[in-house]
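# Remarks on the overall topology
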Amino acid sequence: MATDVHQHIWPPQFLALLRSRTAPPRLDGWTLHLPGEPPYPVDPADHDIAARARLARADGLDLALVSLSSPLGIEYLPPAEAAPLLTAFHDGALDLPAPFGVWASACLSAPEPDTAALRRELARGCVGLQLPATALLDAAGWARCAPLLEVAAEQDKPLFVHPGAAPATEPIAAAEPTAPAWWPALVPYVQQLHASWFAFRAFGRPRHPELRVCFAALAGLAPLHGERLVARGGGRERGRVDCRAFYETSSYGTRAVDALVRAVGIDVVVSGSDRPYAAPVLPDLGADAAVDALRHTNPARLLGPTKGARP
């Protein structure tokens, strides 16, 4: 199946709950308010389900995986606030028409991770677990999320690591009191992915040797730092590739994807767009077989035997 592993749609019941909130994350009409970002005007067409289904078909997709927008910070809301939002998202996303599939999300603010809720969403048809990179920045994060990751591994489901909420931005200079609108996507999001990838190497993979993991946005290009890792004593096996660690391509083009392929190989790179926040890009890697690998072969290996199909 031609697959895009990274898209976002907000179902109607989820939109309604965001509009009912008085504190961020909240929607005022179609204006999104988040603690760490400027007000963002949401295009209603981005969450028109019929229009998005037509767009996915026009892109030639057999499967488009949608997930909770982790920068909203819903996973870290108090459980009583997070639960109805997560339920509304999962219920609405699982009702989306073909070609959509769904990543499951989890509340991370409770004293212990709710593994029963994750089992329920996976049983209902979610293809795997998404966690914000902010939950996986260090050894403590990987340890705290271990019960959720063990459920995913037991059920042969992958983990998708997505940027989390951006911290409140500081002025860049006296002449510019606020950061530009692109700042969260280019600085904290990339930094989170970069840190979570190195934490995965150091702490996550030893704990979960069989878990398939996919990092959004090429893991912030962290694998390109392999030479520096070796130089600083972080490992000598430069040629070893983790065949269960995948990288999706959203917001990057030919040069970045080609550089990552040279570092980790073609077999672990998968196509993702981050629609509606970015358009799909098919990198020119010099052969049709390379694009076929990114859209067909590699996503099938990431998702496992079910290939994203719902029960």
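Right above here is the structure, for reference.
Notes on the structure follow. (Residues numbered from 1 in each chain as written. Predicted model: local features only at pLDDT ≥ 70, side-chain atom pairs only at ≥ 80, totals over all residues. Heavy atoms only, no water.)

It is worth spelling out empty space enclosed by the protein at this point. Counting across every chain of the model gives two cavities of 30 Å³ or more. Computed from the structure, the second largest cavity encloses a volume of approximately 30 Å³. (1 Å grid on protein atoms, 1.4 Å probe; cavity = no way out; pocket = protein on both sides within 12 Å on 5 of 7 lines; lining within 4 Å. Points joined across faces, edges and corners; volume = space filled by probe spheres on them.)

A word on the pattern of salt bridges. Counting across every chain of the model gives ten salt bridges. Note that E81 is salt-bridged to R21, the shortest N-O span being 2.9 Å. Of the two residues, E81 sits in helix α3 (residues 79-94) while R21 sits in the loop between α1 (12-20) and β2 (26-28), which places them 60 residues apart along the sequence. Put simply, E210 and R244 hold a salt bridge, and the shortest N to O gap is 3.0 Å. Taken as a pair, E210 in the loop between α8 (188-207) and β9 (213-215) and R244 in the loop between α9 (226-231) and β10 (245-248) lie far apart in primary sequence, 34 residues in all. (Salt bridge = Lys/Arg side-chain N within 4 Å of Asp/Glu carboxyl O. Helix = DSSP H or I, 4+ residues; strand = E, 2+ residues; numbered from the N terminus.)

Residues W10, F14, L131, L159 and Y247 are the most contacted members of the largest nonpolar core, which totals 82 residues. Sorting elements by how many residues they give to this core places α3 first, with seven residues. If sequence neighbours within four positions are ignored, L131 has contacts with L108, L136, C145, L148, L149, L159, F160, V161 and H162. (Core = buried A, V, L, I, M, F, W, Y, C linked by side-chain atoms within 4.5 Å. Buried < 20%, exposed > 50% of the residue type's maximum accessible area, 1.4 Å probe, protein only. Contact = heavy atoms within 4.5 Å.)

Considering all chains together, one arrives at nine aromatic pairs under this definition. Between the aromatic rings of F14 and F89, the centroid separation amounts to 6.0 Å while the plane-to-plane angle is 70 degrees, which identifies the pairing as edge-to-face. On the criterion of sequence distance, the pair formed by F14 in helix α1 and F89 in helix α3 is long-range, its members being 75 residues apart. Ring plane angle 40 degrees and centroid distance 5.8 Å describe the contact between W182 and W183, whose orientation is recorded as tilted. Given the relative accessible area of 49%, W182 is considered partly exposed. Put simply, the rings of W142, F200, F215 and Y247 touch in pairs and so form one group of aromatic residues. Sitting over the face of the ring of W30, R19 holds its NZ or CZ atom 4.5 Å from the ring centroid. (Phe/Tyr/Trp six-rings, centres within 6.5 Å; stacked < 30°, edge-to-face > 60°. Lys NZ or Arg CZ within 6 Å of the ring centre and 35° of its normal.)

Okay, the sheet that holds strand β1 (residues 3-7) next. Strand order in the open sheet formed by three strands is β1-β5-β6, and the pairing between neighbours is parallel. Both edges of this open sheet fall to β1 and β6 (100-102), since each of them pairs with a single strand only. With strand direction ignored, the average angle separating the axes of adjacent strands in the sheet is 30 degrees. Strand direction decides the pairing type here: strand β5 (residues 63-66) and β6, joined by three bridges, are parallel. Bridged to V66 within β6 is V102. Across the sheet, helix α11 (residues 288-303) is in contact with β1 and β5; its angle to β1 comes to roughly 65 degrees. (Pairing = 2+ DSSP bridges. Axes fitted to C-alpha atoms, helices over the stretch in contact; angles between N-to-C directions.)

So, about unusual backbone geometry. In this chain, P24 is followed by P25 through a cis amide linkage whose omega measures 0 degrees. Following the sequence through the fold, P25 ends up in the loop between α1 and β2. A cis geometry characterises the amide bond from A98 onward to P99, with omega recorded as 15 degrees. Within the secondary structure, P99 is located in the loop between α3 and β6.

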